[in-house]
Amino acid sequence: MQVLKFGGSSVANAKNIENVVAIIKQSLNNDITIVVVSALGGITDALLDAALLASVGDGAFKEKLHDIEQRHLTAVKDLLPIDQQSSMLSNVKKRCNEIEDICKGVFLLKELSGRTKDAIISYGEIISSQILSAKLQSEAIGNVWKDTRELIETNSEFGHANIDFPRTNKNIQSLVSQKESTVYVVPGFIGRDKNGSTTTLGRGGSDYTAAIIGAAINAEVVEIWTDVSGIMTADPRLVAHAKIIEQISYQEAMELSHFGAKVIYPPTIQPLMSLGIPVCIKNTFSPADKGTWVRKGGTQSGNHISGISSINNLSLLSLEGSGMVGIPGFSKRLFEALSNEKINVILITQSSSEHSISVGIIEGDANRAKEIIDQAFAYEIEIKKVEPLKVERHLAIIALVGDNMKNHSGISGKMFGVLGRNGVNVRAIAQGSSERNISAVIAVEDVKKAVNVLHEEFFETTFKEVNLFISGTGNVGSKLLAQLNQQLLHLEDHLRLHIRVSGISNSRKMVFDDNGINLSEWRESLENGEAMELKKFIENIQHKNLRNAVFVDITANAAIAKTYDQYLQKSISVVACNKIACSSEYDYYKKLKNLAREFNSLFLFETNVGAGLPVIGTLNDLLRSGDKVNCIEAVLSGTLNFVFNNYTGEKPFAMVVRQAQEEGYTEPDPRLDLSGMDVMRKIMILARETGEKLEMEDIANESFMPASCMKGDVANFYKEMEKHEQHFLNLFSKAKDEGKKLKFVARLENGKAAVGLRHIDPRHDFYHLYGKDNAVLFFTDRYAEQPLVIKGAGAGAEVTASGVFADIIRAAV
């Protein structure tokens with residue numbers, strides 16, 4: 001014997017019902033098959049809406065009922081041959097007239113009792129099951145339609161009736177023993193009380209009906225046919241890569257359904273579990289899929305976790321007070337007050353100090369709960385032993401579920417670690433003694449991110465998804481986007497990273513795409529984007545709340561640099577090519593470092609010094625390993641090194657500077673390079689990384705530029721350099737006469753920093769620096785006699801972009 005239950009989406013229209021008939025045909029054998037049918041998709045809600053309209057005296061209920069009638073009549077006409085339609089059309093009209101009569105009574109009285117509501121909404125299942133029965137008859141599949149109210153007996157708790165199992169089992173067993181047919185079609189969701197009044201079993205009650213019947217006849221299997229191919233590891237509306245769970249235990253299925261998995265109604269499992277009757281959840285629209293089997297033994301995938309589930313629209317109630325400590329009875333009174341008002345408690349957690357107890361309930365019950373609990377503890381509140389009930393709203397529960405979690409250490413650590421790294425604040429935690437689930441209360445806006453990062457951590461052995469938001473599409477920014485586009489497949493294959501650029505901005509435009517911007521067409525996407533507004537750009541990123549998010553700043557914009565704290569506070573890592581933040585006032589630099597530490601994010605700025613050279617990373621490695629940096633000497637301006645390597649007096653100094661700018665070695669304003677200001681910033685950043693508290697005014701700058709060159713605009717800068725050509729020629733000639741080269745050198749020693757033009761002799765490491773190369777010498781306790789030397793290209797869009805790329809990878813892994 002078998003039971004097949006078809007949900008509302010499976011019988012939503014004639015086409016879907018044709019699929020159902022095909023599945024029933026395929027499933028038939030010589031034994032008894034009982035088909036349990038839900039109302040056509042959306043009909044239960046429509047009937048309830050009509051009843052509510054009638055209860056407030058709104059005549060629009062008639063239009064609702066007319067639409068309901070037409071939908072059923074259309075289904076009959078589409079499904080049955082014309083010569084077989086008459087009796088079923090008459091039956092539908094008769095049933096709809098009965099609904100209208102009841103609603104008219106509600107309209108006149110302006111009263112809708114639980115009994116009347118159950119009577120109205122029961123018609124959805126009654127009519128749909130009768131239509132399916134008629135369709136099967138038209139396909140020569142003999143069957144008997146049976147009113148479930150003659151089988152399932154309940155108490156009078158209308159809306160959530162409890163089953164009288166002894167009487168119900170006897171009725172069902174009597175039906176099948178008569179062997180009137182091998183196929184029975186019955187409406188789900190409904191029963192009747194001892195007075196003969198119609199009752200309903202609660203939302204999802206058709207699943208429960210199938211389980212009740214399956215247990216009563218000791219069925220070989222109960223099949224739940226719905227619009228998904230089984231229970232999934234997470235809600236596919238939230239997690240794109242959610243997977244079907246092929247096999248799961250009864251207990252795991254109950255836990256997942258309790259915590260929001262909508263595929264199966266929680267009470268469904270209970271009647272079947274004690275008898276060991278398996279449940280198979282299948283897809284009406286893809287019947288060949290394996291589906292999910294719920295049976296004894298559970299998951300055999302080897303994974304500790306079976307699934308992740310969530311419940312939104314939760315409120316957390318917290319009862320706190322010193323008067324609770326060591327005094328029995330507080331919990332009893334709390335739960336008694338909620339129980340008397342029929343307020344369901346979803347989650348419970350209590351501190352070991354007994355100073356507080358928190359419970360999670362549906363948000364719609366929060367106001368009523370506060371009123372009754374404050375009333376129940378009015379005396380204790382008045383004498384200050386207990387605080388008035390605290391209510392936190394807009395929360396959700398996420399739960400990890402799995403039989404194999406038991407006795408496996410580290411599950412909780414992984415769960416809360418990944419949530420913390422993504423800035424998901426946990427308000428409360430609960431774990432059952434069975435160790436089958438770990439639940440956490442979080443803000444509802446964090447649910448999508450939380451479920452995704454947990455799914456990634458526990459189920460996705462393939463890729464880690466990283467979401468980038470990039471500001472700046474100039475020379476370096478465009479090179480970075482090209483490098484990312486080139487390396488996407490390599491990163492997936494070798495680092496298992498799925499890099500997705502979810503937002504791009506420049507000074508004019510910004511564009512966002514949660515599915516990732518096509519990096520082959522980013523220019524077109526950006527051009528078609530909206531006008532750039534910095535505040536709105538930040539708000540969009542924060543509102544999207546995407547997991548593993550990284551903000552990348554490839555501008556020289558001071559306003560953008562001042563926004564890093566807003567990202568870090570949301571656990572969004574920051575990769576900065578922009579030097580302004582780290583070379584601004586020390587307090588802001590330190591604030592950013594502290595925020596990154598506090599909110600489990602990363603603040604990376606390797607390209608602030610030496611473009612793509614590993615200068616800052618190496619310095620930090622030395623310090624973290626216990627070495628002491630005694631002195632740093634560095635040529636930190638690729639621009640100045642290029643200029644002095646190419647200036648021989650044969651062509652004007654101004655011409656060599658212009659060449660450097662044209663080849664992309666200078667800052668947008670070359671005066672920043674030639675003034676030594678850029679080098680000052682860089683040595684200050686290195687000093688700060690060693691622990692020195694330096695500001696720009698603390699750094700000595702022995703500028704070689706005539707003062708007039710630094711006045712006015714860039715055009716004037718070049719004109720003045722041409723006027724002072726002899727000055728530059730004298731600098732060059734003096735060094736040449738000594739057999740030395742000119743290098744602009746930064747030095748940090750004993751907490752003092754200075755920058756300036758130096759004459760470098762042939763024995764020095766800086767003498768053989770060519771082109772745009774930089775070099776940094778670290779003199780440390782371990783590298784005392786010979787310094788640790790880092791040398792290479794210190795300017796250029798390609799190498800700078802590659803340095804930013806490297807920081808992105810560090811932030812991602």
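Residues numbered from 1 in each chain as written. Predicted model: local features only at pLDDT ≥ 70, side-chain atom pairs only at ≥ 80, totals over all residues. Heavy atoms only, no water.

### Details of the overall build of the protein
And then number 1: Scanning the protein from N- to C-terminus turns up 29 helices and 29 strands.
And then number 2: Relative to the 2.2 N^0.38 estimate, which gives 28 Å for 813 residues, the radius of gyration of the protein is 36 Å and therefore markedly larger than a compact globule would have.
And then number 3: In terms of overall dimensions, the protein has a C-alpha envelope of 120 × 70 × 55 Å along the principal axes.
And then number 4: Among the 813 residues that make up the protein, the fraction classed as buried is 54%.
And then number 5: When contacts within the protein are restricted to residue pairs at least 6 apart in sequence, long-range pairs at least 24 apart make up 71% of them.
And then number 6: Carbon together with sulfur atoms contributes 48% to the accessible area of the protein, which is approximately 35200 Å² in total.
And then number 7: Of the charged side chains in the protein, 89 are positive and 99 negative; the average position of the first set lies 1 Å away from that of the second. (Helix = DSSP H or I, 4+ residues; strand = E, 2+ residues; numbered from the N terminus. Rg over C-alpha atoms; globule rule 2.2 N^0.38 Å. Buried < 20%, exposed > 50% of the residue type's maximum accessible area, 1.4 Å probe, protein only. Contact = heavy atoms within 4.5 Å. Areas by Shrake-Rupley, 256 points an atom, 1.4 Å probe, with all protein chains shown as cover. Lys, Arg positive; Asp, Glu negative; His and termini not counted. Charge placed at Lys NZ, Arg CZ, Asp CG, Glu CD.)

### Details of the side chain of T154
And then number 1: Topologically, T154 is positioned in the loop between β3 (144-145) and α7 (165-177).
And then number 2: Beyond its immediate stretch of four places on either side in the chain, T154 contacts A161, N162, I163, D164, G191, R192, D193, K194, T199 and L201.

### Quick look at the pairing of strand β14 (residues 390-401)
And then number 1: Examined bridge by bridge, strand β11 (residues 307-320) and β14 share nine bridges and lie antiparallel to one another. Bridging across to β14, G307 finds its partner in V401.
And then number 2: Bridge count between β14 and strand β16 (residues 437-443): seven bridges; the pairing is antiparallel. Bridge pairing in β16 places V401 opposite N437. (Pairing = 2+ DSSP bridges.)

### Some remarks on the packing of helix α2 (residues 43-55) against helix α3 (residues 61-79)
And then number 1: Contact pair α2 / α3: the axes reach a minimum separation of 8 Å and the direction vectors enclose 155°. Comparing their axes, α3 and α2 come out roughly antiparallel. For α2 against α3, the interelement crossing comes out left-handed. From α2, I43, A46, L47, D49, A50, L53 and A54 reach across to α3, where they touch F61, K64, L65, I68, R71 and H72.
And then number 2: Along the lines of polarity and charge, the residues of the contact of α2 with α3 split into nine nonpolar, one polar and three charged. (Axes fitted to C-alpha atoms, helices over the stretch in contact; angles between N-to-C directions. Parallel < 35°, antiparallel > 145°, perpendicular 65-115°, else oblique. Left-handed = near helix turned anticlockwise from the far one by under 90°. Nonpolar A, V, L, I, M, F, W, Y, C, P; charged D, E, K, R; others polar.)

### Brief notes about the sheet that holds strand β2 (residues 33-37)
And then number 1: With mixed pairing, the eight strands of this open sheet are ordered in space as β3-β4-β2-β1-β7-β9-β10-β8. A strand with exactly one partner marks an edge of an open sheet, and here the two such strands are β3 and β8 (247-248).
And then number 2: As defined by bridge partners, β2 adjoins strand β4 (residues 183-187) across five bridges and the pair is classed as parallel. Pairing of V37 across the sheet is with P187, part of β4.

### A closer look at the nonpolar core
And then number 1: With 82 residues, the main nonpolar core has Y564, F603, F653, I683, F704 and M721 as its most contacted residues.
And then number 2: Top element by residues in this core is helix α26 (residues 677-689). It accounts for seven residues.
And then number 3: Contact partners of M721, with chain neighbours within four places excluded, come to F653, A654, V657, M705, C709 and F728.
And then number 4: Counting residues in hydrophobic clusters, the runner-up holds 48 residues, among them L40, L79, L80 and M88. (Core = buried A, V, L, I, M, F, W, Y, C linked by side-chain atoms within 4.5 Å.)

### A look at the packing of aromatic side chains
And then number 1: Under the counting rule described, the total for this entry stands at 19 aromatic pairs.
And then number 2: Considering the side-chain rings of Y647 and F653, the 5.2 Å spacing of their centres and the 90° angle between planes classify their relative orientation as edge-to-face. The pair Y647 / F653 is uniform in exposure class, with both members buried.
And then number 3: Among the aromatic residues, those joined into a cluster by ring pairs are F469, F512, F537, F551, Y564, Y567, F603 and F605.
And then number 4: Between K110 and the ring centre of F107, over which it is positioned, the NZ or CZ distance is 5.7 Å. (Phe/Tyr/Trp six-rings, centres within 6.5 Å; stacked < 30°, edge-to-face > 60°. Lys NZ or Arg CZ within 6 Å of the ring centre and 35° of its normal.)

### Quick word on helix α1 (residues 14-27)
And then number 1: Over its 14 residues, α1 runs 20 Å from end to end, which matches the ideal 20 Å to within 8%, given 1.5 Å per residue.
And then number 2: Where α1 is concerned, the buried positions are A14, N16, I17, V20, V21, I23, I24 and S27. Summarising the axial view, the buried residues of α1 lie within an arc of 165°, below the 170-degree limit, and thus occupy one face. Residues of α1 that are exposed and point over 90 degrees away from its buried face: K15 and Q26.
And then number 3: Where α1 is buried, its residues meet β1 (2-6), β2, α3, α6 (123-138) and β7 (221-226). (Expected span 1.5 Å × (residues − 1). Arc of directions from axis to C-beta.)

### Brief notes about unusual backbone geometry
And then number 1: Phi at N600 is positive, roughly 55°, even though this residue is not glycine.
And then number 2: The residue N600 is located in the loop between α21 (586-598) and β23 (603-604) in this model.
And then number 3: The partly exposed category is assigned to N600, whose relative accessible area is 44%.
And then number 4: The phi torsion at N750 lies on the positive side, around 55°, for a residue other than glycine.
And then number 5: Looking at where N750 falls in the secondary structure, it is placed in the loop between β26 (741-749) and β27 (752-760).
And then number 6: Overall, the relative accessible area of 68% leaves N750 in the exposed class.

### So, the packing of helix α4 (residues 85-109) against α6
And then number 1: Axis separation between α4 and α6 bottoms out at 11 Å; the angle between their running directions is 180°. In terms of their interaxial angle, α4 and α6 are classed as roughly antiparallel. Residues M88, N91, V92, R95, C96, E98, I99 and I102 of α4 form the contact with α6, whose own contacting residues are Y123, I126, I127, Q130, I131 and A134.

### Looking at the side chain of T639
And then number 1: Among the structural elements, T639 can be located in helix α23 (residues 638-646).
And then number 2: Once you skip the residues sitting within four places of it in the chain, T639 turns out to touch A660, Y665, T666 and D673.

### Structural notes on helix α24 (residues 653-662)
And then number 1: For α24, the full list of buried residues reads F653, A654, V656, V657 and A660. Buried residues of α24, viewed axially, fall in a sector of 160°; they line one side.
And then number 2: Contact partners of the buried residues in α24: α23, α25 (671-674), α27 (714-723) and α28 (725-737).
And then number 3: Trailing α24 by a residue or two, G664 shows a phi angle of about 85°, which is positive.

### As for the sheet that holds strand β21 (residues 549-553)
And then number 1: The seven strands lie next to each other as β20-β19-β18-β17-β21-β22-β23, forming an open sheet whose pairing is mixed. Across the chains shown, the open sheet's two edge strands, defined by having one partner strand only, are β20 (530-531) and β23.
And then number 2: Pairing between strand β22 (residues 573-576) and β23: two bridges, direction parallel. Within β23, the residue paired with V574 across the bridge is F603.
And then number 3: The strands touched by helix α29 (residues 797-812) within the sheet are β17 (464-471), β18 (497-505), β21, β22 and β23, with β22 carrying the most contacts at an inclination of about 165°.

### Here we look at the environment of A558
And then number 1: Along the chain, A558 falls in helix α19 (residues 558-561).
And then number 2: Judged by its relative accessible area of 43%, A558 falls in the partly exposed class.
And then number 3: Distance in space between the C-alpha atoms of A558 and I580 is 6.2 Å, their sequence separation being 22 residues.

### Focus: the environment of R624
And then number 1: Mapping R624 onto the fold places it in helix α22 (residues 615-624).
And then number 2: For R624, a relative accessible area of 63% translates into the label exposed.
And then number 3: Once the C-alpha coordinates of R624 and A430 are considered, the two residues, 194 residues apart in sequence, prove to be 38 Å apart.

### Overview of the pattern of salt bridges
And then number 1: Throughout the structure, instances matching the rule amount to 42 salt bridges.
And then number 2: The salt bridge involving E18 is made with K135; its shortest N-O contact spans 3.4 Å. Taken together, the residues E18 in helix α1 and K135 in helix α6 connect sequence positions 117 residues apart.
And then number 3: Judged by its relative accessible area of 34%, E18 falls in the partly exposed class. (Salt bridge = Lys/Arg side-chain N within 4 Å of Asp/Glu carboxyl O.)

### Some words on the state of the cysteines
And then number 1: Overall, the coordinates contain zero disulfides when judged by the stated rule.
And then number 2: Of all cysteine sulfurs in the structure, the one in C582 sits closest to C577, which takes part in no disulfide; the separation is 11 Å. (Disulfide = S-S within 2.5 Å.)

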